[in-house]
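Structure at a glance
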Amino acid sequence: MFLNSNFSYSKSNKSYSDLLLDLDSGKIQSIFFYPRRREIDVIYKDGRKEKIPILYNDQLIIEKASDNNVDLTINNSKRDSSIANSTASFFLLLIFIFGFVLIIRSTSKIASKAFGFGRSKAKFFSIEDVDTRFEDVAGVPEAAEELKEMINFFKDPTKLNQLGAKIPKGVLLIGPPGTGKTLLAKAIAGESGVPFLSISASEFVELFVGVGASRVRDLFEKAKENSPCIIFIDEIDSIGRQRGSGIGGGNDEREQTLNQLLTQLDGFTENSGIIVLAATNRPDILDSALLRPGRFDRKIEVLLPDKEGRKKILSVHSLSKPLSDDVDLNFWASRTVGFSGADLENLMNESAIHCARDNSKLINDKNIEDALEKITLGLRTSNVISTKIKKLRAYNEVGRAIISVVKNGIDSIDKITILPRSGLIGGYTKIAPDEDVITSGLISKRLLLSKIEIALGGRAAEIVVFGKNEITQYALNDLYYSTEIAKEMVTKYGFSVIGPVSLNNNSNDAVFLGNSLLRNKPIIADKTSTIIDNQIIDISKKSLENSIKIIKKNRYILEKIVEVLIEEETIDNERFRKISANFIKI
Ligand code: ADP
Ligand code: MG
């Protein structure tokens, strides 16, 4: 049989009716019929070949052909295309399978990350791995001293236990970024020679609820296996944030993680040989449950280094870098007020780079000058303190200190500094908590009034020194604090002329902001709130007047201490006693 492709058919002039006639009259030898095509190939007995249009799937032609014994070949034209089709679909299938495998693989990767996290990501440092020592941490003597205590515990736990001394379970290192918190934690591990498990708290937080919690569990399990050891949780504020704050529900995952952390902290005893160290630069946003005794009950502040500290840090970081003989680190320490340890390290590094660029062997003053210029250009302006701001800070801090001494005695002053502290704009005066209040838990009217006067001491000093119109917003936080106390005096404790009424009905549930917005409609009459406001203003004004009186009487001592503070940046109790020997009488 012929294959149609071997023939060349001429387009026919014959019509459909001709075809039917020809079929009946037996002129046709064979017909090639293509289903779905509207023509057929016809071979006549005389050898002609024609293409003749027919109806779609014409059954009449088929019938006629078989009636007249004409060879009828049904040509499956779909075969060719179906081969092409099937190859195409085969490739499609391949692509599909390939894509599918890819998707499965990537999702399984995500899934294994999310669900099968398995181990916590705690880096495990063996004893040899931590070679940091306390000598490497300079300029933070108080923090280092407190932490050294803990090393004794690891070195000789029985001795401490016999003395009945308790080592805290959790120690929180608080301070601005780059002051050496991580470094201190490493130094403890290095000195005590115990394993050091460190994790950044942000690694606990994952997409799926529950993952962080089991990571915490895992971490503590690992720690128990390796006891005695140190767990170090860096940047704990990322999970330790106050729970339940904000409208619209918090972050469930973070809350669960925090809850788990709290449970784990409660779960081991003082003598299990595990100490949990944590670091943060935002202590103000931490959940109060974290700071309760038995958890992170010990807080160690790592402050920005003062001049002496900066000098030491500079010399630590120039040990490996050859300095020219005429470089005076004292001078550079005084030029770098507000620098953290990390900033100072950076400064020495930059100096070495400038030195190498000059092709010289020793780092000279010019190299350091260039490096300093480069660094301070990129620094936040708050880091570089101008003399004017220094002075303002000094008057504010010393002002408060003076009121505190007048009210509560010289022992109430712990430390005064003009170095910025984490989370706050200015320096601060650390005032020792009142012993009486701690032991008895009683709050007297006199005590609250003196707290307000102390808080307003900074503003009072500004008024006395610079004049009423030259005051600044520096005392903003203090004003907020003193107003809060005044408000409590009036509305909670009944300490004002309004009388013995407690109008404060939402003392504990400020946690759910939404809650208090929605439910706590004020039950105080408009008239009463006016009186309350007036009372608060009255108390604040009178207190400020008192503070101004005290500052005026002690103007001389104020100036003297401010002078020393600007020079030394930090004054502790001992130094304070020395420079203010002939103190204030009012
Ligand atoms: P953070 O307080 O933010 O955890 P780090 O401990 O990570 O700061 O400090 C970063 C780097 O800065 C340290 O690796 C160290 O080189 C340097 N550094 C910071 N503080 C000090 C310090 N007190 N003494 C020496 N180097 C310091
Ligand atoms: Mg750190």
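Going by the structure above, here's the rest.
For clarity, every value in this text was computed on a predicted model and none was experimentally measured.

**Here we look at the site of ligand 1**
For ligand 1, the set of nearby residues contains 15 residues, the closest of which are Ala138, Gly178, Lys181, Thr182 and His317. Gly178 places a polar main-chain atom, nitrogen or oxygen, 2.8 Å from an oxygen atom of ligand 1. Taking Thr179, its main chain carries an N or O atom lying 3.3 Å from an oxygen atom of ligand 1. Contact with the protein chains covers 82% of the free accessible surface of ligand 1, which is 550 Å². Looking at the shell around ligand 1, the elements that each hand over two or more residues are helix 6 (181-192), helix 10 (307-317) and helix 12 (341-357). When grouped by side-chain class, the residues that make up the shell around ligand 1 number six nonpolar, six polar and three charged.

**Details of the packing of aromatic side chains**
Taken as a whole, this structure holds six aromatic pairs when the rule is applied. Here the aromatic rings of Phe196 and Phe232 are separated by 5.9 Å at their centres, their planes lie at 15 degrees, and the arrangement is stacked. With a gap of 36 residues between them, Phe196 in strand 8 (residues 196-200) and Phe232 in strand 9 (residues 229-234) connect regions that are remote in the sequence. Classification of Phe196 as buried rests on a relative accessible area of 0%. Summarising the aromatic geometry, the rings of Phe331 and Trp332 are spaced 4.9 Å apart at their centres and angled 70 degrees between planes, so their arrangement reads as edge-to-face. Among the residues examined, Trp332 registers a relative accessible area of 2% and is labelled buried. Taking NZ or CZ as reference, Lys148 lies 5.5 Å from the ring centre of Phe134, over its face.

**Considering the layout of surface pockets**
Reported here for the second largest pocket is a volume of approximately 640 Å³. Around the second largest pocket, the lining comprises 35 residues; the ones closest to its centre are Gly139, Pro141, Glu142, Asp306 and Gly309. Of all elements in the fold, only helix 4 (141-155), helix 10, strand 12 (413-417), helix 21 (555-568) and strand 14 (570-572) reach the threshold of two or more residues within the lining of the second largest pocket. No other element matches helix 4, which puts six residues into the lining of the second largest pocket. The residue makeup of the lining of the second largest pocket, split by class, is 15 nonpolar, five polar and 15 charged.

About the cut-offs
Residues numbered from 1 in each chain as written. Chains lettered and ligands numbered in written order. Predicted model: local features only at pLDDT ≥ 70, side-chain atom pairs only at ≥ 80, totals over all residues. Heavy atoms only, no water. Near = heavy atom within 4 Å. Polar contact = N/O pair within 3.5 Å; in protein donor to acceptor, adjacent residues only side chain to side chain. Areas by Shrake-Rupley, 256 points an atom, 1.4 Å probe, with all protein chains shown as cover. Helix = DSSP H or I, 4+ residues; strand = E, 2+ residues; numbered from the N terminus. Nonpolar A, V, L, I, M, F, W, Y, C, P; charged D, E, K, R; others polar. Phe/Tyr/Trp six-rings, centres within 6.5 Å; stacked < 30°, edge-to-face > 60°. Buried < 20%, exposed > 50% of the residue type's maximum accessible area, 1.4 Å probe, protein only. Lys NZ or Arg CZ within 6 Å of the ring centre and 35° of its normal. 1 Å grid on protein atoms, 1.4 Å probe; cavity = no way out; pocket = protein on both sides within 12 Å on 5 of 7 lines; lining within 4 Å. Points joined across faces, edges and corners; volume = space filled by probe spheres on them.

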